[in-house]
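Structure assessment
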Amino acid sequence: MIVYNSTLTLDGLTFQYVYGGNSSATDSRLITEADEGKGAFIFAANQSELTINNCVFRYGKRSVHGQMIYLTGSKPLRITNSRFTESGLTLSFFHREEGSNERMIFENCVFDNLSTTSASSGQNTSLFGNLTKNANIELKNSLLYNNDNFYMVHMGYVAGQNSASMAIENVLVLNNNSSRTDFISALSPLTEGTANLSIINSSFINNISPSSMISTADKTGSNKLNLTMHNNVFYGNKTSEEGSTLTEILKTGSNQVFQSTSISHNATDKSSSKLLTNNDYNTGKVDLSSSSSLTDLFGGSTDADGNFDADGADDKWFTGDDGFVPKENGVLHNVCQNDVVADINADIKGHARLQGGTVDIGAYEFGEKEATLEIKGLSSVSELILYPNPIRSA
């Protein structure tokens, strides 16, 4: 679908079976910039304003960038209550053209069973591609589940202005495999500007990363990265650097990575993590290294085979019986300093953040059981089948 110089709202649709790349290529071939298929599902350009509600995107295959949505010269993209699933063979799923100022705003979304492909030298594969030159991404009240082989976010640097910004709030990151790189990688600007990464009220559970969950690095020049991390829980994540929930990679010389940091009230089971050991970061720390299972921390149950019931008895995400609601009177319950998350009034379920007088750590707040929203299932919306790819056949 091409959206050009238009204001468009899509509501209650399923987009599926889009093949974005060279029809002669094999699935094992490396993606290159010459491949076709930018914006295989949706390509928005020339001051278009796109809003997507209650939609499903699935069965996408092979595209160089922005398989789900590619923005160039467009106004902010807003997506709510939508699901992106069972797609792969791409360098990125959401992409904005370098040098433009688009915002991407995602709320109450599910990203599951997605996989990027092999990249040629110098390329990065990611969920959100090209966070450079004034990119602004907001991801709130959402789930990333069972995805494979990509960064959650890579804030790259370029030879020019870079004021990229990424805000992650009330997000559950569960059972993902970032086998090729760090899970979140943020680099300071190369020449101008400041990069900003904020992670608040989120839960990172049972993910795999070859280095650390969050990697920050300073390149050349005097510009820095601003990092904010409050009220997050990291548990069961497998990394090659077992002490590294957060890795700082210092540049050559005396300059430090960060222009500013605001880090407190985080929980991790990595006993040597800087979130526990660094006095600049460990205010309100919660050491989970003695916790032996998810049921020590959360209210969810296990089945006869010992499998943790992540989405609860109702088999619906973002409801009060989800497995990752903190255990009542447990180490994550009523332990955060309220003022560090004062601007966030609700949890991932949409329920009030302040239950019992003190905020809980992680994406979920202990308390109300009723659901306030429901992510649309694959069978609950009308189908709009885009095949063959309109970009390739134009």
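From a predicted model like this one, the values you see are computed outputs, not experimental measurements.

With respect to the pairing of strand β10 (residues 92-96)
Burial analysis of β10 places five of its five residues in the buried class, which makes it a mostly covered element. Bridge count for strand β7 (residues 69-72) against β10 is three bridges, and the pairing is parallel. The partner of Tyr70 across the bridge, within β10, is His95.

Topic: the nonpolar core
With 52 residues, the main nonpolar core has Ile42, Ile52, Phe94, Phe106, Phe111 and Met152 as its most contacted residues. Dropping the residues within four chain positions of it, Phe111 is found in contact with Phe84, Phe94, Phe106, Leu127, Phe128, Leu139, Ser142, Leu143, Leu144, Tyr145 and Asn147.

Focus on unusual backbone geometry
A positive phi angle is found at Asn54, which is not glycine, with a value near 55°. Relative to the elements of secondary structure, Asn54 occurs in the loop between β5 (49-53) and β6 (56-63). Here Glu86, not a glycine, exhibits a phi torsion of approximately 50°, which is positive. Within the secondary structure, Glu86 is located in strand β9 (residues 83-90).

Considering the packing of aromatic side chains
Each pair of aromatic rings is reported with the distance of its centres and the angle of its planes. By the definition in use, this model includes ten aromatic pairs. Each ring, one from Phe57 and one from Phe84, has its centre 5.0 Å from the other, and the planes form 20°; the classification is stacked. With a gap of 27 residues between them, Phe57 in strand β6 and Phe84 in strand β9 connect regions that are remote in the sequence. Looking at Phe57, the relative accessible area reads 0%, which means it is buried. Taken together, a centroid distance of 4.8 Å and an interplanar angle of 15° make the contact between Phe204 and Phe234 stacked. Of this pair, Phe204 sits in strand β19 (residues 203-205) while Phe234 sits in strand β23 (residues 233-235); the two residues are 30 residues apart in sequence, bridging distant segments of the chain. Here Phe204 matches Phe234 in class, with each residue buried. The rings of Phe15, Phe41, Phe57, Phe84, Phe106 and Phe111 are connected pair by pair, giving a single aromatic cluster.

Parameters and conventions
- Residues numbered from 1 in each chain as written.
- Predicted model: local features only at pLDDT ≥ 70, side-chain atom pairs only at ≥ 80, totals over all residues.
- Heavy atoms only, no water.
- Buried < 20%, exposed > 50% of the residue type's maximum accessible area, 1.4 Å probe, protein only.
- Helix = DSSP H or I, 4+ residues; strand = E, 2+ residues; numbered from the N terminus.
- Pairing = 2+ DSSP bridges.
- Core = buried A, V, L, I, M, F, W, Y, C linked by side-chain atoms within 4.5 Å.
- Contact = heavy atoms within 4.5 Å.
- Phe/Tyr/Trp six-rings, centres within 6.5 Å; stacked < 30°, edge-to-face > 60°.

Without other data, these values stay purely geometric and don't point to any function.
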